[in-house]
Amino acid sequence: MRHRPRPLTEQHVTPESLYLTRRHLISGLLGTGIGLAVGDAHASLPTGAVLHAAHNAAMSVSAPPNSWDDITTYNNYYEFGTDKSDPAQYAGSLRVTPWTVTIGGEADITGPVSLDDLLKPHALEERIYRLRCVEAWSMVIPWVGIPLGEVLRRFKPRSNAKYVRFTTLNDPTQMPGERSSILHWPYTEGLRLDEAMHPLSLLAVGLYGRSLPNQNGAPLRLVVPWKYGFKSIKAIVGIEFVEREPRSAWSQANPKEYGFYANVNPAVDHPRWSQASERHIGGGLFAPRQPTLPFNGYAEQVADLYRGMDLRRQF
Ligand code: MTE
């Protein structure tokens, strides 16, 4: 069953049309040389809060974004069920304020940080990224967020920190899917430190100019656009600097099917299906499949990170 998002503050106006109006406004302001104030927009992030973010054209694709309905009703979020419509239907039980992220491991500065303090020094940016799920469907999403690398640097990772491990909230009372044994909970993911520091890696707090709906990973999620979507972990409560490649929830569940790197790669099929093409969500029943691009179209920016690696073996 499809579920429409709850109405937000401005009634009778969809976030998508609001967003298009704001894009127009932003380009108007930029045209006059007046920058947008972006600092204090995120004192806290209740669901549906309007965010003030400057559009980052250099980091955005020009493809038209999917609709608000596509992005918020067709989701993967096993903490709330395995059907695409489950997260929109059930993720309302997650309380996203207040929210604390615990920084741990090989860094000079560690400990709990409120989401407000985590975000405060950073200007919010809007970036339109492609999302390619390992299940061979794709979307284009206008995220609002902050560069992950800038956040990580504040905690002064030590020289032996080679990877970053991310953890989702573990609370079966709020996330009923965590009572099932479909994955080892909490959901975890990881990046090599240089991947995490790459300017494309984003910590997202919103989409379409509003704070994230719960089903999309509120209040804080990762977005790594050149990797399969499962790397983009939702509802992050832990960020840990570690020396060794961390186990991620999906590679723990099935290491033959889901590798640590999970770079989008049309030349390496999933054992059960081809990765050469994808179904673009919203394209309609009869739309032709699109070819999948190496690194999801971001090869020019990220291929150097993997120079000398055998991407068939280290998939
Ligand atoms: N994060 C958590 N905690 N739990 C999940 O089940 N699913 C992943 C990823 N992050 C998942 C998650 C998968 S498989 C995908 S494709 C993306 O979230 C989907 O993000 P979206 O629902 O916002 O499109």
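Structure first, text after, so check above.
Residues numbered from 1 in each chain as written. Predicted model: local features only at pLDDT ≥ 70, side-chain atom pairs only at ≥ 80, totals over all residues. Heavy atoms only, no water.

1. Description of the packing of aromatic side chains
1) Next: Counted by the stated rule, this structure contains eleven aromatic pairs.
2) Next: Geometrically, the ring pair formed by Tyr163 and Phe260 is edge-to-face, given 5.8 Å between the ring centres and 75° between the ring planes. Remark: Phe260 occurs in the loop between helix H7 (249-253) and strand S12 (277-280) and Tyr163 occurs in strand S6 (residues 163-168); sequence separation between them is 97 residues. Taken as a pair, Tyr163 and Phe260 share a single burial class, namely buried.
3) Next: Connected via pairs of aromatic rings, a cluster forms that spans Tyr163, Phe260, Tyr261, Phe295 and Tyr306.
4) Next: The side chain of Arg130 reaches across the aromatic face of Tyr298, ending 5.3 Å from its centre. (Phe/Tyr/Trp six-rings, centres within 6.5 Å; stacked < 30°, edge-to-face > 60°. Helix = DSSP H or I, 4+ residues; strand = E, 2+ residues; numbered from the N terminus. Buried < 20%, exposed > 50% of the residue type's maximum accessible area, 1.4 Å probe, protein only. Lys NZ or Arg CZ within 6 Å of the ring centre and 35° of its normal.)

2. Comments concerning the pattern of salt bridges
1) Next: By the definition in use, this model includes eleven salt bridges.
2) Next: The salt bridge partner of Lys84 is Glu135, with a shortest N-O separation of 3.0 Å. With Lys84 in the loop between helix H2 (68-73) and helix H3 (86-90) and Glu135 in the loop between strand S4 (125-132) and strand S5 (137-147), the pair connects residues that are 51 residues apart, well separated along the chain.
3) Next: Given a relative accessible area of 18%, Lys84 falls into the buried group. (Salt bridge = Lys/Arg side-chain N within 4 Å of Asp/Glu carboxyl O.)

3. Overview of the site of the ligand
1) Next: The ligand sits among 16 residues. The nearest are Asn75, Tyr78, Glu79, Arg221 and Lys234.
2) Next: Taking Tyr78, its main chain carries an N or O atom lying 2.8 Å from an oxygen atom of the ligand.
3) Next: Note that an oxygen atom of the ligand is positioned 2.6 Å from one of the side-chain N or O atoms of Arg221.
4) Next: Considering the ligand on its own, with 540 Å² of exposed area, one finds that the protein chains cover 98% of that surface.
5) Next: The cavity that encloses the ligand is the largest pocket.
6) Next: Considered class by class, the residues forming the shell around the ligand number seven nonpolar, six polar and three charged. (Near = heavy atom within 4 Å. Polar contact = N/O pair within 3.5 Å; in protein donor to acceptor, adjacent residues only side chain to side chain. Areas by Shrake-Rupley, 256 points an atom, 1.4 Å probe, with all protein chains shown as cover. 1 Å grid on protein atoms, 1.4 Å probe; cavity = no way out; pocket = protein on both sides within 12 Å on 5 of 7 lines; lining within 4 Å. Sits in = over half its atoms within 2 Å of the grid points. Nonpolar A, V, L, I, M, F, W, Y, C, P; charged D, E, K, R; others polar.)

4. Points about the pairing of strand S7 (residues 188-192)
1) Next: Along S7, five of the five residues are buried, which leaves the element largely enclosed by surrounding structure.
2) Next: Pairing analysis gives five bridges linking S6 to S7, with the strands arranged antiparallel. Within S7, the residue paired with Thr167 across the bridge is Thr188. (Pairing = 2+ DSSP bridges.)

5. Notes on the side chain of Asn66
1) Next: Relative to the elements of secondary structure, Asn66 occurs in the loop between strand S1 (54-55) and H2.
2) Next: When its relative accessible area of 3% is taken as the criterion, Asn66 is described as buried.
3) Next: Side-chain polar atoms of Asn66 contact the side chain of Asp70, separated by 3.0 Å.
4) Next: Once residues lying within four places of it in the same chain are set aside, the contact partners of Asn66 are Ile71, Met139, Val140, Tyr208, His280, Ile281 and Gly282. (Contact = heavy atoms within 4.5 Å.)

6. So, the environment of Glu16
1) Next: Looking at the element boundaries, Glu16 is found in helix H1 (residues 15-31).
2) Next: For Glu16, a relative accessible area of 26% translates into the label partly exposed.
3) Next: With 53 residues separating them in the primary sequence, Glu16 and Asp69 have C-alpha atoms 9.0 Å apart.
4) Next: In this view, Glu16 contacts Ser67, Trp68 and Tyr208; residues no more than four positions away in its chain are not counted.

7. Quick look at the layout of surface pockets
1) Next: By volume, the largest pocket amounts to about 430 Å³.
2) Next: In terms of residue count, the dominant contributor to the lining of the largest pocket is S5 (four residues).
3) Next: Of the residues belonging to the lining of the largest pocket, the class tally is 16 nonpolar, six polar and four charged. (Points joined across faces, edges and corners; volume = space filled by probe spheres on them.)

8. Quick notes on the sheet that holds S7
1) Next: Spatially, S3-S2-S11-S6-S7 is the arrangement adopted by the five strands of the open sheet, whose pairing is mixed. The open sheet has two edge strands with one neighbour each: strand S3 (111-114) and S7. Each strand of the sheet is rotated relative to its neighbour by a mean of 20°, with strand direction disregarded.
2) Next: In this sheet, S3 lies alongside strand S2 (residues 100-105) in antiparallel orientation, the contact comprising four bridges. When the sheet's bridge partners are listed, Val101 is paired in S3 with Val113. (Axes fitted to C-alpha atoms, helices over the stretch in contact; angles between N-to-C directions.)

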